[in-house]
Amino acid sequence: MRLDITHILTDMKNVINEHENLYELDGLVSDAVQYVLMNPKTLDFPLALSEDECMEQLKSLLNSIQDDQSLGDRFHEFFILACGGLDDSRMRDLLANLLVWSLDERESQLKTLMEIGLLPPNNDLCLAKYIKSESCSSLPSTLSRNSNDFGQLMTRCHFDALPPYLDANQLQPFNERERTIHRNLKSSYEIVQNAIYALLGLGGKYLKKNLNTGRLGLHPRNKSRLKFTQKSTLLRLAEAGFFHDQVQKFSRSTTDYSSLGSISQAFKSRLKQELSDYRGQVSQLQDMLNNYHETQLQLYVDRSQNWINRRHEPMTLLRLVTWYMKPLFRLQWLTKIASDGQLKKGGELASFLYNYINTGDPYMHDVAKDLLTGCCSPMLRMISNWMLEGNINDSYDEFFVESLPEVGVDRLWHDKFRLRLDMLPKFISLELADKILKTGKSINFLREICKIDDAVKGREHLKDIINNRVSQIFSFVADTNWHAAIETCYTQTSKHVMDIMVGPHKLLVHLQGMRSYLLLGQGDFVSIFIENIKGELDKLGTDIYNIHDLSSMLDAALRCTNAQYDDPEILNHLDVVVRSPYPGDCGWDVISLQYTLQGPLATMLEPAMPTYKTIFKPLWRMKHMEFVLSTKIWKEQMSNAKVGSVFTLCEYTSTFAFDSLLILDKISA
């Protein structure tokens, strides 16, 4: 803003003489209004013309400049708009007279200003210098640069306020050419400043945001001051601001589904980090613009400096367009990814982001990798906590391992934990996920069942690798340190479980015992046991009551055979049971052997016991048939052969064939 009257009047004359752009009229009138407001003492001077009379003269002169008869009316509109803050008619009259005086000859103009008191009295030399000069580049010699009059005359601002280290009294007056260049620099500065605002989605003097679409468009009142290339460039730069606002909207979204879960929150946090990085780059552009602005002001003080040392690279729209292409591409992809993934969470969101890594575009690969790295941090903490501590911190059901609270501890090994396949990321294979599941399950088994806490050696080192090697989790080849740490945890934990079960709990010994007795592999024991209880086996199922007698018969069979040399731990788990009979059942149908397991063995092998019982039934029936053949059929056959009873032999043969077919059918089933 130029608040010295000489420049205001000179600019008015240049506009009328077609030396300046006609669109400078509105700014010129605004400067004149500010000057009148800051110099109320001028009201004491009697004015020659009223406001209306001055406007008629100005409109008449402006309409005569060109064939366009609307130029005066346009100026009148600018005048009325600029005078909106002047309620005093006297001040409006003064303003109109000042504008009319700008059309007079310079000598009469200067005399009038001296009479009013806007310029101090001066000698003829001052007047001659002023009239001879084509601009305000030469000042009267009697004026001191340090005087208040000189300060008032030269008070002006280049673009904005002066930086604190520059003194306005040091600035030299401009000649006409310098003032024209200065005006162009100011306009360029404002346009570039608006362009930087547009990169952040902010409006300004030349751009205005549409509240419905969220896009920036040209300001209807100021767009006429821009060239076509400037308009198109500003609109192009405004695209980056639109996508900046879109990413910001998704990063702040509070959708009920997407706002739940640590992985979704990590995704939003990464979007905010992307916006922060982008704003940091824009702030660097603003610093460059401010530095160039201050440098231009400093040049007027350091005039003696060599012109080579005064050359500085300006901040222009072209430089902004060259810079913004890469950030625009990134913001566009961030907007698309955030829009498509806002209703996803957990491993599903991680799989969605992983798809963008395999597009074949290296730049798209970098964008997706940065987002995926930020999202996978919570997942890695879940994996680390599960594999090293056996805990699941998953309040929003986004981890691919889930615990079933309705399943008891006795079913911990087989049914308590399972994979949630819909949350399993694509970059984690089923084989790797199974190892992760079994590792955490083993930790829980050792802690809850075996009462052992120290499961993994070097836990802190492995935890550091699993938590901090985020980018390695979605490596195409599973040969990274992260995968090696997972394999180490799995191997150590599995080995620890096997050592506990095979050592103190004698897993292999019990498996051998179940094979010998439930699968009837101890032949001599089975024969003696059947012989001891054959009286009970021939009874109806409803007539068998005394379980203690059967147990004593079992103990007698064990003592009479090689089974007596087996581990007592096995024999103590062996027992005989009688189930509830159905109508028509005999002792063979209700009496069976049972192997009872306790502690960790029960947790690990209990789900397999029904299979042992299923296999025991046909084997027990085969022993039944063997017993019938050896004790009844062959004896009766020999007896019938002596008496010639063929019918009885055929009846027993048919019964044997039927029972054999029934046994084969049971076995095949």
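On a predicted model such as this, the values are computed, not experimentally measured, just so you know.

Caption draft 1: Fine view of the overall build of the protein chain. Along the protein chain, the regular secondary structure elements total 27 helices and six strands. The burial tally for the protein chain puts 43% of its 669 residues in the buried class. Sequence separation of 24 or more characterises 68% of the internal contacts of the protein chain that already satisfy a separation of 6 or more. In the structure as shown, the protein chain presents an accessible area of about 34600 Å², 52% of it carried by carbon and sulfur atoms.

Caption draft 2: Molecular detail of the pattern of salt bridges. Scanning the entire structure with this criterion turns up 22 salt bridges. Across the pair aspartate 394 and arginine 420 runs a salt bridge, and its minimum N-O distance is 3.5 Å. Here aspartate 394 is found in the loop between helix 14 (362-389) and strand 3 (401-403), whereas its partner arginine 420 is found in the loop between strand 4 (417-419) and helix 16 (430-449), with 26 residues between them in sequence. Between arginine 447 and glutamate 448 there is a salt bridge, with its nearest N and O atoms 3.5 Å apart. Exposure remark for arginine 447: the relative accessible area of 23% places this residue in the partly exposed category. A single salt-bridge network, built from bridges that share partners, covers Asp394, Asp397, Glu402, Arg418 and Arg420.

Caption draft 3: Layout of the nonpolar core. Formed by 128 residues in total, the largest nonpolar core has its most connected members in Ile383, Phe400, Ile428, Phe445 and Phe525. Of the residues forming this core, the biggest block, 15 residues, is contributed by helix 14. Residues within four places of phenylalanine 445 in sequence aside, it is in contact with Leu412, Trp413, Cys450, Val497, Met501, Pro600, Thr603 and Met604. Counting twelve residues, the second largest nonpolar core, distinct from the first, contains Leu71, Phe75, Ala96 and Leu99.

Caption draft 4: How the structure looks around the packing of helix 13 (residues 346-355) against helix 14. For the pair helix 13 and helix 14, the least separation of the axes is 9 Å and the interaxial angle reads 160°. The angle between helix 13 and helix 14 places the two elements in the roughly antiparallel class. Crossing angle aside, the handedness with which helix 13 passes helix 14 is left-handed. The segment helix 13 lies against helix 14, with Gly347, Leu349, Ala350, Leu353 and Tyr354 engaging Ala368, Leu371, Leu372, Cys375 and Met379. Looking at side-chain class alone, the contact of helix 13 with helix 14 contains nine nonpolar, one polar and no charged residues.

Caption draft 5: Summary view of a nonpolar patch on the surface. Nonpolar side chains collect at one region of the surface, where Met498, Val502 and Leu508 lie side by side and expose about 260 Å² of accessible area between them. Examined against the element boundaries, methionine 498 turns out to sit in helix 18 (residues 481-502).

Caption draft 6: Molecular detail of the pairing of strand 6 (residues 591-595). By the alternation rule, side chains of strand 6 split into Ile591, Leu593 and Tyr595, which are all buried, and Ser592 and Gln594, of which none is buried. One ladder, built from five bridges, connects strand 5 (residues 574-578) with strand 6; its direction is antiparallel. Paired with valine 577 across the two strands is serine 592, which belongs to strand 6.

Caption draft 7: A look at the environment of cysteine 54. Along the chain, the position of cysteine 54 falls in helix 3 (residues 51-65). Here cysteine 54 falls in the buried class, since its relative accessible area comes to 0%. As a C-alpha pair, cysteine 54 and leucine 94 span 40 residues in sequence and 9.9 Å in three-dimensional space. Residues in contact with cysteine 54, not counting those within four places in the same chain, are Leu49, Ala96, Asn97 and Val100.

Caption draft 8: Focus on the environment of lysine 623. Structurally, the position occupied by lysine 623 is in helix 26 (residues 609-643). Not counting chain neighbours up to four residues away, the residues in contact with lysine 623 comprise Leu520, Val526, Ile530 and Trp588.

Caption draft 9: Structural context of unusual backbone geometry. Of note, the phi angle at aspartate 397 is positive, near 55°, even though the residue is not glycine. Unusually for a residue other than glycine, leucine 520 sits at a positive phi of about 60°. Note on placement: leucine 520 falls in the loop between helix 19 (507-517) and helix 20 (523-532). Residue class for leucine 520 comes out buried when judged on its relative accessible area of 9%.

Cut-offs and rules
Residues numbered from 1 in each chain as written. Predicted model: local features only at pLDDT ≥ 70, side-chain atom pairs only at ≥ 80, totals over all residues. Heavy atoms only, no water. Helix = DSSP H or I, 4+ residues; strand = E, 2+ residues; numbered from the N terminus. Buried < 20%, exposed > 50% of the residue type's maximum accessible area, 1.4 Å probe, protein only. Contact = heavy atoms within 4.5 Å. Areas by Shrake-Rupley, 256 points an atom, 1.4 Å probe, with all protein chains shown as cover. Salt bridge = Lys/Arg side-chain N within 4 Å of Asp/Glu carboxyl O. Core = buried A, V, L, I, M, F, W, Y, C linked by side-chain atoms within 4.5 Å. Axes fitted to C-alpha atoms, helices over the stretch in contact; angles between N-to-C directions. Parallel < 35°, antiparallel > 145°, perpendicular 65-115°, else oblique. Left-handed = near helix turned anticlockwise from the far one by under 90°. Nonpolar A, V, L, I, M, F, W, Y, C, P; charged D, E, K, R; others polar. Patch = residues over 30% accessible without salt bridge, like charges linked within 9 Å, V, L, I, M, F, W, Y side chains within 5 Å. Pairing = 2+ DSSP bridges.

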